[in-house]
Each structure stands twice: as C-alpha cells, then as structure tokens.
Amino acid sequence: MAAALPLAVLGLLLLGPGGRGHAEPPRDTLREELVITPLPSGDVAATFQFRTRWDSDLQREEGLSVLLKADRLFHTSYHSQAVHIRPVCRNARCTSISWELRQTLSVVYDAFVTGQGKKDWSLFRMFSRTLTEPCPLASESRVYVDITGHNQDNETLEVNPPPTTTYQDVTLGTRKTYAVYDLLDAAVINNSRNLNLQLKWRSPPEHEAPPAPFLHAQRYVSGYGLQSGELNTLLYNTHPYRAFPVLLLDTVPWYLRLYVHTLTITSKGKENKPSYVHYQPAQDRLQPHLLEMLIQLPANSATKVSIQFERALLKWTEYTPDPNHGFYVSPSVLSALVPSMVAAKPVDWEESPLFRSLYPVSDSSSYFVRLYTEPLLVNLPTPDFSMPYNVICLTCTVVAVCYGSFYNLLTRTFHIEEPSTGGLAKRLANLIRRARGVPPL
Amino acid sequence: GIAWFLALAFPPLTQRTYMSENAMGSTMVEEQFAGGDRARGLARDFAAHRRKSGALPVAWLERTMRSVGLEVYTQSFSRRLPFPDETHERYMVSGTNVYGILRAPRAASTESLVLTVPCGPDSTNSQAVGLLLALAAHFRGQIYWAKDIIFLVTEQDLLGTEAWLEAYHDVNVTGMQSSPLQGRAGAIQAAVALELSSDVVTSLDVAVEGLNGQLPNLDLLNLFQTFCQKGGLLCTLQGKLQPQDWTSVDGPLQGLQTLLLMVLQQASGRPHGPHGLFLRYRVEALTIRGINSFRQYKYDLVAVGKALEGAFRKLNHLLERLHQSYFFYLLPALARFVSIGLYMPAAGFLLLVLGLKALELWMQLHEAGVGPEEPRGASGPSPPVLPAQSVGLASLVAPLLISQAMGLALYILPVLGQHVATQHFPVAEAEAVVLTLLAIYAAGLALPHSTQRVVSAQAPDRGWMALKLVALIYLALQLACITLTNFSLGFLLAATMVPAAALTTPCGPRPLYAALLVLTSPAATLLGSLFLWRGA
C-alpha cells in the first residue's frame, strides 16, 4: 500500500525431524532475528523471524518473543503473518531430510499513532517491552537495524546504544547497512540488564513525498452507474533508464462481464502490445475470467491497462444478505524481475541472516518482486427485496376484491325460499319461550 | 391537487424522521475533538497565504497535510466557460485541487468517506479549511477507522468539485480538462461539504438539494439531525428555524413555508452546494453551512468539529451503502419529512384533470361522430358532418410534428449554433444564444398556420377537439415523466399549465385565452420565478 518497502521481521522456526530416533540435534538450530527498518515516511517496519529445527514447537518465554505483545500490535498500519514449512537436506549428500518451519510476522508501526508524529522511536515505545535476555534455546538471536541513512555524510540519524558490528548487504537492489546486536553476546545486554534500542533523527526530515519504489501499481474502477464500468490498472515503472517486463494476472468474477475487445494498454500515450496474452473466459456461476499478460513497461512511465465490463443481474437467491455493500474483485498479481541498482552476490543460506531469504535473487542483476494491487468493491444492480411481499399483497387484494365481486355478480342467483313452518327443535324452543314469557320464534 | 399539496405540511401527512439504517442507529459515540485553537491558527495561516498568492496556496496545503500525516495529491483542472464571466471577463477558469487521504489502518482501501471544503475566488472559506486540517490531525491519531477518509480542498467552488469527481471516476461528462488523479481510495460511500463564514457560528444550515433535483438518502440528514440535537446546536433548513410545536397551526404553517422553499430549490435543478455534484455518482452527500448572525449564543469550531467527528464515526460503521431510507422526499422541517407515497397524489390529481378533460373531449367527439352517418362527399346541399376522428388523425400529425421539432430545435440549436453564429455574425456568444432562441420562438408562430388546415377541413366547431385531445394527453405524459424524476419541477409546471390548458377553447374570448396560455408557458414561469427569487 504505502510506497515504502516494509522490511518484515521474519520469524523462522525450523522444526526438527519428527522423531527419527537420532541423537538430540545440536542447539545451533534455533535462530531468531528481528530486523527494524525506519521507513522514509516515519513509520517503522519490524520483522520477527524464528527458525528452528526442534521437533516440537517449544514455548519461548525469553528472547525476541517477549516483544510480541498483542495490544501494541494492533496499533499498526499493516501486519502480515506467514508460516513456511519445507523439507531441507541434513547433509550435503541429502541422505536424510529434516523439516524446517519458519514463522514470520511483519508489522508496520504507524508513527502518528505510536509516536505522536515524531519520527524517533524506541523498542519500548513500539512494543512496550524491552529485550532482557536471549532465548536460552536459541543458537542465534540477533537484532538488525537498518541504518542506511547513517553512513552518509550528514549523519541524520543516531542509534543508541551504538552497534558493535555492522552488516552490509544488497537488498531489493540497493546496498543497505545494518547495525547488528547479538543478544547472545554478553556485552550487549550486560550493562543495563535490558536492551532498549533507540533511534533519534538529528535533523528533522523535511516533509516531502516519500520516494517511490521502482515498480508499484494501482487499480480502480471507473465509470458510474449500475450498468457498466471500466477496470483500470496503472503500472508505474520509476526506474530512470531500464525497461522490464511484468506478468499481470487478473481474476475477475463472472458477474462482471468483461469485453475483451475493449482491452487497451497504453504507455506514454502510445499503445503497448503485450508479448503474451492468455485469456480464459468466464462461465456463469462456474468459473471467473482469467487474464494473464506479459507487458513490457518502458522506463520512467505509467502504463494503463483498461478493460470495460458490464454488471450482471444475479438470480434472486444468489444475492448476499448485504448486497448493497458490493461485491469484491480480487487484486491483480504482478510478478516482475526488477533490475537492481547494485549487483547482488550469491548468498550462502546458512551463514547469511534469515531475512535474506525474503529477497531471493536468481542472478545479480535483478530481484524478484510480487505485488498485489488493492481489492475493489463493485456494486451490482440490486433488486428491491420487498417486492415479492408487495406483489403478494396486491394480487391477493385484487383477486379478493375485484375478481370476487365480479364472480359474485356474474354467478350469484337468488331464489325464493319458503320459510319452514316446523321442526322439532323449533317447537321445543317455542315451548320454553312461552314458559319464559318471551315472544316465540 | 393543490389543496393536497398545501396539506402536506400538516401532521397527518408528515412523519417524524427516523434512522432506517441499523448500522448507524444504535451506537452513540463520545466525541473527543478539542482542536479548536489549532483550527483557528491554521485558518489564519491559510487566509494569509491565500491573500499573498491570490489563488489556493497549494504548496502550503501540501506541506500542512503531509505534516498531519495524510497522503497528499494535487490535481489541476481548467474549463473553458461557454459565456464570458461578467464579473471577471474571462473565458478560461483553471485551478488546483488538493486532497489528502487518511488510510485506515489494516484496511484494504476498498471504501472511503469524503470531507470537502470548497474555496471559491470570492468566498475563501478559510475557517473551514482550518477545521478540516485540525480534524484530519485528530482523526489521524485514532485506530478505529475502517474506511479511508479523503480530505478535499477544491478551488473555484463547484467547478473544482466536478473536476475532482470526474477524474476520480475517470469519466468526462462536462468537458472539463483535468489531470488524472494519482491517489484513490476505493468506492466513496458518503461525503460532507463544509462551508463556514466565520470562526463562531450561531447556526448550521443543512442543504440537501442536488443537481437536477436529486436528493441524498434521508438517513444522512437524519444523522446530522441527531448530532445537532446531541450537541445542542441550532440547525436550520433553508435558512428557517425549526418550529417546535406541531399541534397548533403555527408549526405546520412554518413547515409549509420551508416546504415551498425546498420545492422551489429543487425545481430550479441547481445544486445548492458542492454536495449536489456527488449525487450523480451515487455518493450520498450533504452541505453544512455555518452562519453567523445576530444571535446571542454562539458555537465555536470545537462544537462544529465534534458534530463532524461524531457523524464521521457513525458513517464509519456503515456496512452497506445508504439505501434503507427514502431517496424521494420533501422536508417541511429538519425532523419531519413527506415521503413520495404521500406527495405524489398531489401531482396525480393535477394530471387527472387533464385526463378527465381529454375524456370529456373524446365523449363529445364520439357524439358528433355517431350522429348522421352520411358517406363522405354526399350529394346533399348541406356540407356533411364528417366523423372527426378519421380525418383528424391524419392531419393531426403535422402540427404535432412541428411542435415537437420546435422543442427539439430549442434544445439543440442554440448550443450548436453558438459557434457558427459567432463566426459568421458579429455577435458575442451570449447574444448568439439568445437570438437563436428568439428566432425559434418566432418560427413557432407559424404553428397556427399549419393547424388552420386541420380546422378548416372539418366542421368548424368540432375540428379543434381532436387536436386538443391529443395535445392534452401529450402534456399529461410529459408532465408525468418530469414529475417522476424531479417532483418539484413537475408539480410547479403542472400547477401553472394545467388550468390554462384545460380551460382554453377557441370558442371563448380569444385574446384572454391567448394571454393566459403565454403567461403559463414554461418560459414565462421560469421568468416569473426568477423575479420571485431575486425579490425574496
């Protein structure tokens, strides 16, 4: 959503092999990590990552998990959790397999809600806890703070306590510097019995627009009314001189009937033909539209992909209880290999920090990005659900009053009936009446 | 019909308003807005910057909105006016809109609410801008927002609002040139427009009428009325105070006055505030105007801000678009309304008059036709009384087509011919349009010539009946169609045209009838109501 890149704190947990009967795995298979990145807008992104190869999921009371306090986590603008499970080879010849479980939690803290608008932050202010001791089961417990802004000449930010080591790496195409705090290193926590990282901005940053990433996208519905509309996706390539292709995958529900002949792709005012288009039309109530395209985005441009659609009238029972809320259209998925500014070296997964696995690189010149646009809410023509009741009332009234009266007029006949003179019951009743003094029937 | 209409203001026909949307009804929130001083300070800054630059201080607004924590975008627009502006002698109007989006935390940006402050060249509306920024700062610190909120400051009043709406929905309805928007927030659910004349207000005036007489959902009005009552604010409708008692005669009479004002506003089809432009896109919107008059008790910006905060928090609870309450209503007072089922019979009775008159003519024609059944061209010395229907229908087509063509010409030609006229004749554009209109009216004077043939072909005392019959039915149809979409316009036109149309015959005093028909034609009604508006 926001233009900045949230560096998630990933928690990776590697599960041990499920009872393979070996000796207890060495302790150095639990790694936990926290990566903190201040974003240009002032928000702070924190990513927890726990990776373990224990065979059971142990409760961790110390270490980084003390920072996961629920009430502060709900003052965030964005959070995302992931669990990854995969088999890994235990040795070079891959004769046996262990299971790796990674648990990840990414949050983006809102500077305005937590920090009252100031861009300074600290662990205590974000999580309302500080780090007291490392997890005793962890083989590795580290906190990385992105201090890329620090190494410039003007020294705009200051991290407290000062880091003992720094780590440099190429992430998402740019070179970044991280301050490393190793919780297992006694010198880090020893002094004050707790570690409260603080970051202060020396010169207050000006209020200017945050920088945009190389690839970002936006999606919206244009047009008004309940009959038709147009689905627009805007793809921005802000790289100054490199063009790159993007794979765009759209899944549109069947009740928005797409007119594929109106599909237009324009970049910089000219038409842009996609090099690959795959379209699977929708079948009513069975499957949605599937549209997949490979589009070449020219450098420093905005590409607009638009397709017109018509809204369908659903069957009476297919409407949800809240049809005026609208119906959702899933986000489009963009996948691209974005060219990076700095060549990335190939990485050794065991030695490098856990968060490097978030940014896989196949070759050093580009990095893979998968983006999701925002979901859309579209109103469909909604019938008046009180009409069956109205129709029933009206027709019953019409039938009863009008038809009934006409029927009576047409078919009712009168015939004279002689009053009956006697009857046993009547004579008995008259006797009783005479006895009472009441006039007879 | 007219009696029914006048009775609409009285208690059995009006109902108290009630909140139909369940999502907005049950929870009353505790407002915490306390940014009155900040709002005043920001308003002062805005006014100073605006005076210095002469137009909207875009850079200052951008900086301030960004410091408050919104995502800020701008949009520039320009529009070529069809007629030159008399006061400023310009053809091209251009401006910049500035808007900031407050993204709801952990939400997917699928729905949004809009708070808009129009800034025109005459009315700077700086207090409303200050309040908007202070509210934005207050809202930004809360975690309960489920929808995004767009804070929009437009230039050039209605033009800027229309430019923003068109760019947001990516359509081009009015021929405005505007730059595309970079930031969007999903589907807009509701909008509030705010206009404040000073930093203390004595009353808040609510405006509901929109473009072409479209009205927002009544629930939005009910929402504001609830907050007026909760905050103890004095809220007015059409500038009139609300009558307190409805049991005596005074209350309903005042209500009747408000009702008539609303009917006039709605019939004019002009949006009474920027909210009127939102209604086309099915976004429910209202305009709140703060008025400073000579009352003793004044409310400051904190009170207005609290009402807006409460209203936005309630709108935040919405699960669906506002649809439960009425879309067609008339308001004798802020807390009372007349629904369409109750006011439509007034127009129905008026149109019934036309229908009955047409039926009467039909019966008379039938009598004439049923009479002597001589074949056409009989050899009798007296001219045969021909059945009027068979001849009438064929030759009726000509006058009908001509009047229809005249109407079409009146609608299309002045705009089309404006360009051509200014190229070939040395007239200004406004004069070209007026002269074209007059020319078409003059050409319409030829209408009686075409009808002469109809009348003279048949018996002189019967021939006009067929023409009048068709004309009455046509008029009834047209008025019914207008009434369905814009009740006020339809009712006013019906009230003036129906008596004249029903009464006039060629047999009575001609000059009187002619004068009556001209006086009650729509053009004359428009002129008359303009005079009334200027005078009232």
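Residues numbered from 1 in each chain as written. Chains lettered and ligands numbered in written order. Predicted model: local features only at pLDDT ≥ 70, side-chain atom pairs only at ≥ 80, totals over all residues. Heavy atoms only, no water.

### Quick look at the interface of chain B and chain A
Okay, step 1: In this complex, chain B contributes 28 residues to the contact, which on the side of chain A involves 30 residues.
Okay, step 2: Both faces combined, the contact of chain B with chain A buries some 2,600 Å², and carbon together with sulfur accounts for 55% of it.
Okay, step 3: Among the residues chain B hides against chain A, the three largest losses belong to Arg66(B), Arg106(B) and Arg184(B). Together they make up 22% of the total.
Okay, step 4: For the pair chain B and chain A, the number of links is one salt bridge.
Okay, step 5: Close ionic contact of Lys304(A) with Asp170(B) constitutes a salt bridge, the shortest N to O distance being 3.0 Å.
Okay, step 6: There are twelve residue pairs in polar contact (both at pLDDT 80 or more) connecting chain B and chain A.
Okay, step 7: Ranked by residues supplied to the side of chain B that touches chain A, first place goes to helix H4 (residues 58-68) of chain B with three residues. (Contact = heavy atoms within 4.5 Å. Buried area = accessible area lost by both parts, 1.4 Å probe. Salt bridge = Lys/Arg side-chain N within 4 Å of Asp/Glu carboxyl O. Polar contact = N/O pair within 3.5 Å; in protein donor to acceptor, adjacent residues only side chain to side chain. Helix = DSSP H or I, 4+ residues; strand = E, 2+ residues; numbered from the N terminus.)

### What to know about unusual backbone geometry
Okay, step 1: One non-glycine residue, Arg285(A), adopts positive backbone phi at about 65°.
Okay, step 2: Phi angles above zero are rare outside glycine, and Asp170(B) is one such case at about 55°.
Okay, step 3: Among the structural elements, Asp170(B) can be located in the loop between helix H6 (157-168) and strand E6 (177-178).
Okay, step 4: Look at Asp170(B) and you get partly exposed, because its relative accessible area is 30%. (Buried < 20%, exposed > 50% of the residue type's maximum accessible area, 1.4 Å probe, protein only.)

### Topic: the packing of H4(B) against helix H5 (residues 126-140) of chain B
For any two helices packed against each other, the geometry comes down to the angle between their axes and how far apart the axes lie.
Residues and elements named next belong to chain B.
Okay, step 1: Here H4 crosses H5 at 25°, and the two axes come no closer than 9 Å. What the angle tells us is that H4 and H5 run roughly parallel. On H5, the residues that touch Trp60, Leu61, Thr64, Met65 and Val68 of H4 are Val129, Leu132, Leu133, Ala136, Ala137 and Arg140. (Axes fitted to C-alpha atoms, helices over the stretch in contact; angles between N-to-C directions. Parallel < 35°, antiparallel > 145°, perpendicular 65-115°, else oblique.)

### Details of the UniProt feature "transmembrane region" (unreviewed entry) in chain B
Residue and element names in this part refer to chain B.
Okay, step 1: Feature annotation in UniProt assigns "transmembrane region" (unreviewed entry) to the following positions: residues 326-354, 391-412, 432-448, 469-492 and 512-533.
Okay, step 2: Counted over residues 326-354, helix gives 52% and strand 31%. Its end C-alpha atoms are 29 Å apart.
Okay, step 3: End-to-end, the C-alpha atoms of residues 512-533 are 27 Å apart, and along that stretch the chain is 91% helix and 0% strand. (UniProt positions renumbered as here; feature names shortened; annotations may be inferred.)

### What to know about the sheet that holds strand E15 (residues 270-271) of chain A
Strand pairing in a sheet relies on backbone hydrogen bonds. The paired strands run either parallel or antiparallel.
All names here are of chain A.
Okay, step 1: Here we have five strands laid out as an open sheet, ordered E11-E12-E18-E14-E15, and antiparallel in their pairing. Each edge of the open sheet is held by one strand with a lone partner, namely strand E11 (215-222) and E15.
Okay, step 2: Across two bridges, strand E14 (residues 256-267) lies against E15 in antiparallel orientation. From the neighbouring strand, Ser267 faces E15, where its bridge partner is Lys270. (Pairing = 2+ DSSP bridges.)

### Some words on the packing of aromatic side chains
Okay, step 1: A full pass over the atoms with the stated rule returns 26 aromatic pairs over all chains.
Okay, step 2: Pairing Tyr109(A) with Phe127(A) gives two aromatic rings, centres 5.5 Å apart and planes at 80°, and the pair type is edge-to-face. In this pair, Tyr109(A) is assigned in strand E4 (residues 97-109) and Phe127(A) in helix H3 (residues 123-127), connecting sequence segments 18 residues apart. Residue Tyr109(A) shares its accessibility class with Phe127(A), and that shared class is buried.
Okay, step 3: Here the aromatic cluster, defined as three or more aromatic residues joined through ring pairs, consists of Phe139(B), Tyr144(B), Trp145(B), Phe151(B) and Phe312(B).
Okay, step 4: The positively charged end of Arg184(B) is found above the aromatic ring belonging to Tyr220(A), 3.5 Å away from the centroid. (Phe/Tyr/Trp six-rings, centres within 6.5 Å; stacked < 30°, edge-to-face > 60°. Lys NZ or Arg CZ within 6 Å of the ring centre and 35° of its normal.)

### Observations concerning the UniProt feature "transmembrane region" (unreviewed entry) in chain A
Okay, step 1: In the numbering used here, UniProt assigns the "transmembrane region" (unreviewed entry) feature to residues 389-410 of chain A.
Okay, step 2: Annotated as residues 389-410 of chain A, this span is 100% helix and 0% strand, and its ends, taken at the C-alpha atoms, are 30 Å apart.

### Examining the sheet that holds strand E16 (residues 276-280) of chain A
All names here are of chain A.
Okay, step 1: Across the sheet, five strands lie side by side as E16-E17-E13-E20-E21; this open sheet has antiparallel pairing. Since the sheet does not close on itself, it has two edges, and those belong to E16 and strand E21 (366-372), each with one partner. In this sheet, adjacent strand axes meet at a mean angle of 15° when their direction is disregarded.

### Describing the state of the cysteines
Okay, step 1: One pass over the full model with this rule turns up one disulfide over all chains.
Okay, step 2: Cys228(B) shares a disulfide with Cys235(B); S-S distance 1.7 Å. Measuring handedness by torsion sign, the sulfur bridge of Cys228(B) and Cys235(B) sits at about -70° and is left-handed.
Okay, step 3: A relative accessible area of 8% places Cys228(B) in the buried class.
Okay, step 4: Lacking any disulfide linkage, Cys393(A) is separated from the closest cysteine sulfur, that of Cys396(A), by 7.2 Å.
Okay, step 5: Owing to a relative accessible area of 34%, Cys393(A) belongs among the partly exposed residues under this scheme.
Okay, step 6: Not part of a disulfide, Cys402(A) finds its nearest cysteine sulfur in Cys396(A), a span of 13 Å. (Disulfide = S-S within 2.5 Å.)

### Points about the pairing of strand E5 (residues 148-155) of chain B
Residue and element names in this part refer to chain B.
Okay, step 1: Across the eight residues of E5, eight count as buried, placing the element largely inside the fold.
Okay, step 2: Residues Asp148, Ile150, Leu152 and Thr154 line one face of E5 and the alternating positions Ile149, Phe151, Val153 and Glu155 line the opposite face, and both faces are buried.
Okay, step 3: As paired strands, strand E3 (residues 92-102) and E5 are joined by five bridges and run antiparallel to one another. In the sheet register, Gly100 faces E5, and the bridge partner there is Phe151.
Okay, step 4: When strand E4 (residues 111-119) meets E5, the two strands line up parallel, connected through eight bridges. Residue pairing for E5: Leu113 is matched across the bridge by Ile149.

### What to know about a nonpolar patch on the surface
Okay, step 1: Where nonpolar side chains cluster on the molecular surface, the patch consists of Phe349(B), Leu352(B), Leu356(B), Leu359(B), Trp362(B) and Met363(B) and spans about 610 Å² of accessible area.
Okay, step 2: Of note, Leu359(B) is situated in helix H11 (residues 340-370). (Patch = residues over 30% accessible without salt bridge, like charges linked within 9 Å, V, L, I, M, F, W, Y side chains within 5 Å. Areas by Shrake-Rupley, 256 points an atom, 1.4 Å probe, with all protein chains shown as cover.)

### Thoughts on the pairing of strand E6 (residues 140-146) of chain A
Residue and element names in this part refer to chain A.
Okay, step 1: Of all seven residues that make up E6, six are buried, and the element is covered over most of its length.
Okay, step 2: When strand E1 (residues 31-38) meets E6, the two strands line up parallel, connected through six bridges. Across the sheet, the residue bridging to Arg31 is Glu140, located in E6.
Okay, step 3: As paired elements, E6 and strand E9 (residues 174-182) share five bridges and run antiparallel to each other. What sits directly across from Arg142, in E9, is Asp182.

### A short note on the environment of Ser179(B)
All names here are of chain B.
Okay, step 1: Relative to the assigned elements, Ser179 resides in the loop between E6 and strand E7 (187-196).
Okay, step 2: For the pair formed by Ser179 and Phe491, sequence separation is 312 residues and the distance between their alpha carbons is 41 Å.
Okay, step 3: With residues up to four places along the chain from it excluded, the contact list for Ser179 reads Gln75, Ser76 and Ala167.

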